[in-house]
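Commentary on secondary and tertiary structure
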Amino acid sequence: ALALNLDIGWRKVMISEVTSHGKLFELGDSVQILDLATGTADVAILTAKAYKEYQSPSKNDLTILGVDPSQNMINVGREKVKKENLSGSITLELGDARNLSDLSSDQFDAATMSFGIRNVPERDTALCEIHRVLKKSKDSRLGILEFSEPGEEAGIMGAGARLFIRHVVPVLGAILSGAPREYMHLQNSIKEFPSPKEFAKLMEGLNCESSNGRVGTFKVHEVLQLNFGSVQLYLASPTYR
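Residues numbered from 1 in each chain as written. Predicted model: local features only at pLDDT ≥ 70, side-chain atom pairs only at ≥ 80, totals over all residues. Heavy atoms only, no water.

This part covers helix 4 (residues 123-133). The buried fraction of helix 4 is high, at eight of eleven residues. Taken together, the buried positions of helix 4 are R123, A126, L127, C128, E129, I130, H131 and V133. (Buried < 20%, exposed > 50% of the residue type's maximum accessible area, 1.4 Å probe, protein only. Helix = DSSP H or I, 4+ residues; strand = E, 2+ residues; numbered from the N terminus.)

The structure is reproduced here in structure tokens:
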């Protein structure tokens, strides 16, 4: 019931942007995408479907790894993947974005994370792990979808979005899900999350240790404003200082 299912459209925008509208599917011999905080695999499934729909004679094999700290979510996600006949391209594993030690450095062409970074205490640690496992190429992309409260500069539409986050999402989410605590936590965690400008600054100010001795960070190419400024899509590439 997250955001009354508006999130499906936002996730599709993220997938389109991260894959450069499908161009990513044509890179190399095979394409690997990492979906963190995968939950019940919504983004992984939508990505696999976008790959199937992308018409190009030069598109390559695609593998998607979804990682989530909740075994219950992973179990539900595996059933959904099986139902969609996507088990050949999607694998779901229990894991924490702050510790991806089971994954190789420079392994993935792209990474996605939807409404998960807000709940990670050590965000810089998670972002540095993402940096490590992403290939360091001009085509590599990280897409992060997250809520934030629009500032006063967002005007009337921003005020409406703040009302949506503070009151509509918690109340309707609690009613529809029967889990009022979860949606009150959602409201509070959104309020405490950095502004888009602050979070982009955090991403570009990372000092990630690398095996080559260089200092890793991200270059934020764009911050797309969705839902009248209450949802942001951060699009970035891994780089070095």
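Before going further, it helps to spend a moment on the nonpolar core. In terms of nonpolar packing, the biggest core is built from 33 residues, with I33, I90 and L145 touching the most fellow members. Top contributing element to this core by residue count: helix 2 (residues 42-53), with six residues. Those residues within four positions of L145 in sequence are excluded, and the remaining contacts are W10, R11, M14, M113, S114, F115, L226, V231, Q232 and L233. L100, V120, L127 and F193 belong to the second largest nonpolar core, which has 30 residues in total. (Core = buried A, V, L, I, M, F, W, Y, C linked by side-chain atoms within 4.5 Å. Contact = heavy atoms within 4.5 Å.)

Mapped onto the fold, E129 is located in helix 4. Residue classification places E129 among the buried positions, given a relative accessible area of 13%. Once residues within four sequence positions are removed from consideration, E129 is found in contact with A97, R98, N99, L100 and S101.

Turning to the environment of R162, a few remarks are in order. One can find R162 in helix 5 (residues 155-177). You can call R162 buried: its relative accessible area is 10%. Separated by 14 residues in sequence, R162 and S148 have C-alpha atoms that sit 8.8 Å apart.

A separate point is the packing of aromatic side chains. Applying the stated criterion across every chain, the model contains seven aromatic pairs. Arranged with centres 4.8 Å apart and planes meeting at 70°, the rings of F199 and Y234 form a pair that is edge-to-face. Of this pair, F199 sits in helix 7 (residues 196-204) while Y234 sits in strand 8 (residues 231-240), placing them 35 residues apart in sequence. Y234 matches F199 in its accessibility class, with the two residues each being buried. What links up through ring pairs into an aromatic cluster is the set W10, F115 and F147. (Phe/Tyr/Trp six-rings, centres within 6.5 Å; stacked < 30°, edge-to-face > 60°.)

Take the pairing of strand 2 (residues 61-68) next. Among the eight residues that make up strand 2, six are buried, leaving the element largely enclosed by the rest of the structure. Pairing of strand 1 (residues 30-36) with strand 2 involves seven bridges; the strand directions are parallel. Bridge pairing in strand 2 places L36 opposite V67. Regarding topology, helix 2 serves as the crossover connection from strand 1 to the parallel strand 2, and that connection is right-handed. By the bridge criterion, five bridges tie strand 2 to strand 3 (residues 90-94) in an arrangement that is parallel. Looking at the pairing, I64 lines up with I90 of strand 3. (Pairing = 2+ DSSP bridges. Right-handed = clockwise from strand over helix to strand, strands pointing away.)

The next point concerns the environment of A236. Relative to the helices and strands, A236 is located in strand 8. Since its relative accessible area comes to 0%, A236 is described here as buried. Setting aside anything within four residues of it in sequence, one finds A236 in contact with S140, R141, L142, M203, F218, K219, V220 and H221.

What follows covers the packing of helix 1 (residues 7-18) against helix 2. Interhelical geometry of helix 1 versus helix 2 gives an angle of 55° and a closest axis separation of 10 Å. On the basis of their axis angle, the class for helix 1 and helix 2 is oblique. Taken as a pair, helix 1 and helix 2 cross one another with a handedness that is right-handed. In this structure, helix 1 contributes I8, R11, K12, M14 and I15 to the contact, and helix 2 contributes D42, V43, L46, T47 and A50. Here the residues of the contact of helix 1 with helix 2 are counted per class, giving six nonpolar, one polar and three charged. (Axes fitted to C-alpha atoms, helices over the stretch in contact; angles between N-to-C directions. Parallel < 35°, antiparallel > 145°, perpendicular 65-115°, else oblique. Left-handed = near helix turned anticlockwise from the far one by under 90°. Nonpolar A, V, L, I, M, F, W, Y, C, P; charged D, E, K, R; others polar.)

On to the environment of P121, then. For P121, the position within the fold is in the loop between strand 4 (110-114) and helix 4. A sequence separation of 23 residues divides P121 from R98, and the C-alpha atoms of the two residues are 9.3 Å apart.

Any functional reading would require information beyond the geometric quantities listed.
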